[in-house]
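Architecture at a glance
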Amino acid sequence: MKICVVGCGAMGSIYAALLADSGHEVLAVDTNATHVDAINRQGLRVSGASGERVVKISAFTEPPIASVDLVICAVKAKFAREAAESFTPLLAKHAHVLTIQNGLGSAEQVAEVVGADRLILGVAQGFGASLPEPGHAHHNDMKAIRMGAYAGLPQTAVEEVAGAWVQAGFDAAAVEDIIAMQWGKLICNVAYSAPCALTGFTVGEVLQHAHMGEISRAAAREAYEVAQALGIKLSFSDPEQEVREFAARMPEARPSVLLDIQAGRTSEVDVINGAVPTQAAKVGMRAPVNDVLTQLVQTLEQRTQSST
């Protein structure tokens, strides 16, 4: 396949490197010019749970003139629509788009631009990815990639794309109920995204902390209760155990919301912890734990950005 990864940051770099290493022709697009320049000069390096490798791929700061079979949209949720508008000219008639973001809501924006019938919704679980330096992505774990049709795409097409990921070394699979997988990840994310951002702790430190550990689990319980009210068929019945096991697999990981705060960027807390009260309102519920956590992180963001 000819593949373009749009949003070749920490996670996107892992996707690009492993898919290229397995024989696919991969193009990478990212707005970070320093990262793009390093990839073009010395190759894309990935280290951590998948091993150590350096692959040669072509990287760009905006989509090149090309025709591809698959676009992997790995930008942050707030940039999803803008990214989709930029990469639409890349799409061959038969091409599919796989969009993978944290939280809820971005797939709808991508579908409005590229069409729901070519869109695959992906969920990445348990990677703990970061960019230690330009041209180098590291990840602490490598749990799973799950993907499903957003609307109208035959399951066989999703299975074909998932098969390419399996060949690249990912634990990947096409699933019928991708929304349940998305909520399963969200519950783990709300447990650590805001708590880590507010304290500077790793997920393992939040897990073990007397006070933040309880707040973390309360956020997860609340999200679980909202999912239940919405009729989401989750694969687990104990959210506290689920988030404990999640953190135990990669205790040194720092969630992207924390990394964004530290870098003075606007985080995705609004589509992670902030998604819970939004979804709760649809069924006449409130989600005060995640609501307060979201507002605290947003306040910290404003303070951090105003001081830089």
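Look up a bit, the structure's there.
What this report covers is the structure whose coordinates are included nearby. (Residues numbered from 1 in each chain as written. Predicted model: local features only at pLDDT ≥ 70, side-chain atom pairs only at ≥ 80, totals over all residues. Heavy atoms only, no water.)

Some remarks on the sheet that holds strand E5 (residues 58-60)
With mixed pairing, the eight strands of this open sheet are ordered in space as E5-E2-E1-E6-E7-E8-E11-E12. Of all the strands in the sheet, just E5 and strand E12 (172-174) have a single pairing partner and so form its edges. When strand polarity is set aside, the average angle formed by the axes of neighbouring strands in this sheet is 20 degrees. Of the pairings in the sheet, the one linking strand E7 (residues 91-100) to strand E8 (residues 119-125) comprises four bridges and is parallel in character. Note that in E8 the partner of threonine 99 across the bridge is leucine 121. (Pairing = 2+ DSSP bridges. Helix = DSSP H or I, 4+ residues; strand = E, 2+ residues; numbered from the N terminus. Axes fitted to C-alpha atoms, helices over the stretch in contact; angles between N-to-C directions.)

Remarks on the environment of valine 36
Inspection of the secondary structure assignment puts valine 36 in helix H2 (residues 33-42). Overall, the relative accessible area of 6% leaves valine 36 in the buried class. Along the backbone, valine 36 and isoleucine 261 are 225 residues apart, and their C-alpha atoms lie at a distance of 23 Å. Excluding residues that lie within four positions of it along the chain, valine 36 makes contacts with Asp30, Ala59, Phe60 and Thr61. (Buried < 20%, exposed > 50% of the residue type's maximum accessible area, 1.4 Å probe, protein only. Contact = heavy atoms within 4.5 Å.)

A few points about helix H12 (residues 288-306)
Look at H12: 27 Å from first C-alpha to last across 19 residues, which is about the 27 Å you get at 1.5 Å a residue. Within H12, burial applies to Asn290, Leu293, Thr294, Val297, Glu301 and Thr304. Looking straight down H12, one finds that the buried residues subtend no more than 100 degrees of arc, so they occupy a single side. Across from the buried face of H12, at angles greater than 90 degrees, the exposed residues are Gln302, Arg303 and Ser306. Where H12 is buried, its residues contact helix H6 (178-199), helix H8 (212-229), helix H10 (256-262) and helix H11 (275-281). (Expected span 1.5 Å × (residues − 1). Arc of directions from axis to C-beta.)

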